[in-house]
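# Coordinate analysis (summary)
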Amino acid sequence: MTTAEFIDTAQGRRLAYHRSEGTGPWVVFLGGLKSDMEGTKAIHLEAWCRAQGRGFLRFDYSGHGESSGAFEDGCIGDWAEDTAFALEALTTGPLVIVGSSMGGWQALLFARDHPGRVAGLVTIAAAPDFTEDGYWASFTDAQKQALARDGRVEMPSDYMEPYIITQRLIEDGRNRLVLRAPLPLPFAVRCLQGTDDTAVSTETAVRLLNHADSPDMRLLLVRGADHRFSDGPCLGLIEDAVEQVLETVA
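Residues numbered from 1 in each chain as written. Predicted model: local features only at pLDDT ≥ 70, side-chain atom pairs only at ≥ 80, totals over all residues. Heavy atoms only, no water.

What follows concerns the overall build of the chain. A tally of regular secondary structure across the chain gives 8 helices and 10 strands. A compact globule built from 250 residues should have a C-alpha radius of gyration of about 18 Å, and the chain, at 17 Å, falls within 12% of that. Along the first, second and third principal axes, the C-alpha set of the chain runs to 50 × 40 × 35 Å. Out of the 250 residues in the chain, the part that is buried amounts to 52%. Accessible surface computed for the chain: about 10800 Å², of which carbon and sulfur atoms make up 49%. With 22 positive and 36 negative side-chain charges, the chain shows a separation of 2 Å between the mean positions of the two kinds. (Helix = DSSP H or I, 4+ residues; strand = E, 2+ residues; numbered from the N terminus. Rg over C-alpha atoms; globule rule 2.2 N^0.38 Å. Buried < 20%, exposed > 50% of the residue type's maximum accessible area, 1.4 Å probe, protein only. Areas by Shrake-Rupley, 256 points an atom, 1.4 Å probe, with all protein chains shown as cover. Lys, Arg positive; Asp, Glu negative; His and termini not counted. Charge placed at Lys NZ, Arg CZ, Asp CG, Glu CD.)

Of the two faces of strand β8 (residues 163–166), the one holding Tyr163 and Ile165 and the one holding Ile164 and Thr166 are both buried throughout. For strand β7 (residues 152–155) and β8, the ladder comprises 4 bridges, and the chain directions are antiparallel. Considered in β8, the bridge of Met155 is made with Tyr163. (Pairing = 2+ DSSP bridges.)

A few words now on the sheet that holds strand β6 (residues 118–124). Taken in spatial order, the 8 strands line up as β1-β2-β4-β3-β5-β6-β9-β10 in an open sheet, and their pairing is mixed. The open sheet has two free edges, formed respectively by β1 (5–8) and β10 (216–222), since each of these has just one partner strand. Strand after strand, the sheet turns through a mean of 20° between neighbouring axes, direction not considered. Two elements, strand β5 (residues 95–100) and β6, share 6 bridges in a ladder whose sense is parallel. Within β6, the position partnered with Ile97 by the bridge is Leu121. Sitting on the sheet, helix α3 (residues 102–113) is in contact with β3 (23–30), β5 and β6, with an inclination near 145° to β5. (Axes fitted to C-alpha atoms, helices over the stretch in contact; angles between N-to-C directions. Contact = heavy atoms within 4.5 Å.)

This brings us to the state of the cysteines. A full pass over the atoms with the stated rule returns 0 disulfides. Here Cys234 is not disulfide-linked; the sulfur of Cys191 is the nearest cysteine sulfur, at 15 Å. Overall, Cys234 belongs to the buried group, its relative accessible area being 5%. (Disulfide = S-S within 2.5 Å.)

Here His18 is to be found in strand β2 (residues 14–20). Since its relative accessible area comes to 5%, His18 is described here as buried. With residues near it in sequence (within four places) discarded, His18 still touches Thr2, Thr3, Ala4, Met37, Glu38, Glu46, Phe56, Leu57 and Arg58.

Turning to its location among the elements, Phe6 is positioned in strand β1. Judged by relative accessible area, Phe6 falls into the partly exposed class, the value being 40%. For the pair Phe6 and Asp60, spaced 54 residues apart in the sequence, the C-alpha separation amounts to 9.9 Å. Not counting residues within four places of it along the chain, the set of residues in contact with Phe6 comprises Arg14, Leu15, Ala16, Tyr17 and Glu66.

In structure tokens, the structure reads:
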């Protein structure tokens, strides 16, 4: 296993990353909330890209993995800044971004704000606007009162230890929503979603499909797949989706 490298962002955060030189378009993996760049999907994609001699980048947002900071101090906007900085500093030319869960939201934000860099997009259980439509919409009155009083609430997870959800995360997320305004994605998009995902619903995937403006956007629902989407067949589907997108890039 190689040792991570580090880069300091303009905001003073230190990000850990692994970067493999190769031909373009570069493939970039954006992980989910509280996940890190050592996950099965990221490592698998890295090996797949290396076998093809293709450039690849994976990194940890601040407050995640080996990067600096505490998770509870971060928010969607901070991680969007991390993403923009890492992609600007560590990649060149057109990008095919693979965004998993919260990374799907980050990929959409980057594509919206940097339209000249993105040549294609693959999402895996994308979770756009989840702070508003997932957390805030499901909070009880007692939880909303606790958030206002204490600045945080604890949320259980089916996949790891409970999340600490802060008022800053909710309020900042409200300023980063992508499903309330036009979302141009002028390139090929492939969306993958498991029907047994208890973190992101198929309704969210269909909503994104219907909302975004793309000339070539497809959604694949995989019966029985869960939020991890990381067993052998699912990893093969991710490869297929990335390959389909790469084939559309001139």
